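In case you want the letters, here they are:
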Amino acid sequence: MEKIGTNIFGLMRRILIWTSSKFPLLYISVYSNLFCVAKNEPWLSTFYRHSQFPILHSELSLLIMSTPKTVAFHTLGCKLNFSETSAIARQFEGAGYGAIKFQEGADIYVINTCSVTDFADRKCRKVVRQALRHSPNAFVVVTGCYAQLKPEEISEIPGVDLVLGAAEKFRILDYIDDLSKAPDKGMVQAGDIKEANSFTNAFSFGDRTRSFLKVQDGCDYKCSFCTIPLARGKSRSDTVEQVVENAKKIAEMGVREIVLTGVNLGDFGNGTAVIEGVKPKKEAMFIDLIKELDQVEGIDRFRISSIEPNLCTDEVIEFVAESNRFVPHFHIPLQSGNNKQLKAMRRRYKRELYADRVAKIKTLMPHCCIGVDVIVGFPGETDEDFKETYQFLNDLDISYLHVFTYSERPNTLAAEMEEVVPVHIRRERNEMLRILSEKKKRFFYEQFIGQERTVLFEKHKDKNLMSGFTDNYLKIELPYNPELINELGKVELAAINEGGNFEIGSLVGV
Ligand code: SF4
C-alpha cells in the first residue's frame, strides 16, 4: 500500500516537473490551486510536503499566505447585535481581512447570537452547520448574548472553534491567531458578566439608508422573565460627545436615518434614579443626548428604537413633538395590561402610567406611531388577566403590537414561578393579540389615506419594487426607481395594498 502511495506521489511529481519546464505559468496556477486544496485534504497535504520543490513551495506559500483572509458574519437578534456585528466587521477590515458574504465561503465565520429568541441553541447550531457547508475548514467563532449565557454548551457544538463572551467580543482579533480548527471542542473565553463594565461604541452600516447606533448597553432592572442583564451586564452608556461624533461619521457616509439603540435606552447616563427622584441629576441623561443629536447636520431622521414607559418622560415626548429630526414614532414595552402581572414581572410601572404616556404622545402628536411589546402566558396569567390585557390594548390608541409568547428561561425568577400557563393557551392568546395587532395597524394606516407624508425610499427584496417608511412608520411600496433609492420624497398616500402596506398615489416632490 505504502509502495503504491509512493509511486503515485512520484508520478505526480514527474508530471509537475514536466509541466513546470514546458508551461511555467500553468504550473504556478496548478501548484497554487493544489496548495489551496491541500490545506483541506490530508492526503494531498502529505504529497505537498514531499513535492521537493523547496524554492517554489516557499515562494508560493508566501504569496498565498499574504492573500487576505476572508471573514463572514451572521447576526441573530436585535438592532443592538446588528450594530455590534458591524463594529466587529470594521475591526477585521482594519486588520486587513476581507469581509465577504456568508455564502461565499470565508476563512472565518463570526456568529453573533441572541438569548431572547426562542430556540437560541437550535438556531446557533443551524448557522454553524451552514457556515461549514460553505467552507468546511472555516474557523468558527460564536459570540453574543447566548455565548455569554451558555459558553460551554456552545463550545460543544461540532465545528465551533472559539466562544467569546460579552466583554471579550470586541477583542476578537486578540483571540484569533493561527485559525487551526479546534481538535476537540471550541475554546471558551467568557469572563464573569459582572466584570463587563466598559462601554464599546458601535454602529451598523449597510445600505446607506439607516444605521443602528448603539448608545447604551446592559440593564440594571430585574424583570423576572429576562436574561438580558445576565448576558449583557450592568447599564452603561457612551458619552454624549462620542455619540455625536459617531452620528457625524455616519452622516459623512451618506446615511439618512439613525436608529438609536441600547438595551434600556431611556436609562442613558443611568437616568432611572434621577427620573424616579432617587438621586439628583449629575450627568447627561437621555433627554440631553437627543437634544444634542438634533443639531447634527446631515442626518435627516433620528428614531428611538424602544424606551421603557417609566423613562418616556414628558420632557422626551415634548422634545420629540417639537423636533424636526426626531420622528414621531415610539416603541414602548408594556408586557402586560394587568397590574398584578406587571408586579409579578417586576416591571416599574402600572398600566395607568402606560395609558398616560400614550395619551400624552397622542395629544401632542396625533399622527405618532406607537408600537407595543406584550408577553402572553406569563406564569399566573388567568383568563381574566389576559382579557384585561386585551381590553386595555384594545382601548389604547396604539399602532401595532409585538407579541411574545412567554417561555421559561433558566436562571430567572419567573422560571421558578407556579401557576404555569399551558403552552396551547399561550399560543391561543398570542394568536388573539396578533389579530388585534393587525386591526390596530389597519386602523392606524387608514387615518392617513389621501394625506401627504415624507418617505425615505430604500431597496426591497423584490428587485421590481422599492419600499420605504414615512416619518411615522407607515410602510409604503412602489415600483423600483433607482434614482429614488436613499432619497427622501413627499408622497401622497393612496391606498393600502394586499400586503397591508401603502401604495402611493403620486410623488409630490423629492
Ligand atoms: S428593562 Fe427588563 S426586560 Fe428590558 S432588558 Fe432590562 S431587565 Fe430585561
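Our subject is the structure that appears above.
Thresholds applied
- Residues numbered from 1 in each chain as written.
- Predicted model: local features only at pLDDT ≥ 70, side-chain atom pairs only at ≥ 80, totals over all residues.
- Pairing = 2+ DSSP bridges.
- Helix = DSSP H or I, 4+ residues; strand = E, 2+ residues; numbered from the N terminus.
- Contact = placed C-beta atoms within 7 Å.
- Axes fitted to C-alpha atoms, helices over the stretch in contact; angles between N-to-C directions.
- Buried ≥ 20, exposed ≤ 12 C-beta atoms within 10 Å, placed from the backbone.
- Core = buried A, V, L, I, M, F, W, Y, C linked by C-beta atoms within 7 Å.
- Near = placed C-beta within 6 Å.
- Nonpolar A, V, L, I, M, F, W, Y, C, P; charged D, E, K, R; others polar.

**Quick look at the sheet that holds strand β2 (residues 98-99)**
Sheet strands associate in pairs through backbone hydrogen bonding, adopting either a parallel or an antiparallel arrangement.
Point 1. Spatially, the 6 strands line up as an open sheet ordered β2-β1-β3-β4-β5-β6, and their pairing is parallel. The open sheet terminates on both sides in strands that have one partner only, identified here as β2 and β6 (187-189).
Point 2. Across 2 bridges, strand β1 (residues 70-75) lies against β2 in parallel orientation. If you follow Thr70 over to β2, its bridge partner there is Gly98.
Point 3. Against the sheet, helix α5 (residues 79-94) touches β1, β2, β3 (108-113) and β4 (139-144), its axis set at about 175° to β1.
Point 4. The sheet contacts of helix α6 (residues 120-134) involve β1, β3 and β4, and relative to β3 the element is tilted by about 165°.

**Quick look at the sheet that holds strand β7 (residues 202-203)**
Point 1. In spatial order, the strands read β7-β8-β11-β12; together these 4 strands make up an open sheet with mixed pairing. Edge positions in the open sheet fall to β7 and β12 (301-304), since each of these has one partner strand only.
Point 2. Bridge count between strand β11 (residues 257-261) and β12: 4 bridges; the pairing is parallel. Following the sheet pairing, Val259 is matched in β12 by Arg303.
Point 3. Along the sheet, α5 makes contact with β7, β8 (210-214) and β11, crossing β8 at roughly 95°.

**Description of the pairing of β3**
When a strand is regular, its side chains alternate between the sheet's two faces.
Point 1. The element β3 is extensively covered by neighbouring structure, given that 6 of its 6 residues are classed as buried.
Point 2. Where burial is concerned, the two faces of β3 agree: the one with Ile108, Val110 and Asn112 and the one with Tyr109, Ile111 and Thr113 are both buried.
Point 3. Pairing analysis gives 6 bridges linking β3 to β4, with the strands arranged parallel. The residue bridging Asn112 from the neighbouring strand is Thr143, located in β4.

**Examining the nonpolar core**
Point 1. Judged by nonpolar contacts, the single largest core of 115 residues is most densely connected at Tyr109, Val140, Val141, Val142, Leu213, Ile370 and Val374.
Point 2. With 6 residues, strand β14 (residues 369-376) is the largest single contributor of residues to this core.
Point 3. Once you skip the residues sitting within four places of it in the chain, Val141 turns out to touch Ile108, Tyr109, Val110, Asp161, Leu162, Leu164 and Ile172.

**Quick word on the site of the ligand**
Point 1. Taken together, Cys219, Tyr221, Cys223, Cys226, Ile228, Pro229, Val263, Asn264 and Glu308 make up the full set of residues adjacent to the ligand.
Point 2. Looking at the shell around the ligand residue by residue, the class counts come to 7 nonpolar, 1 polar and 1 charged.

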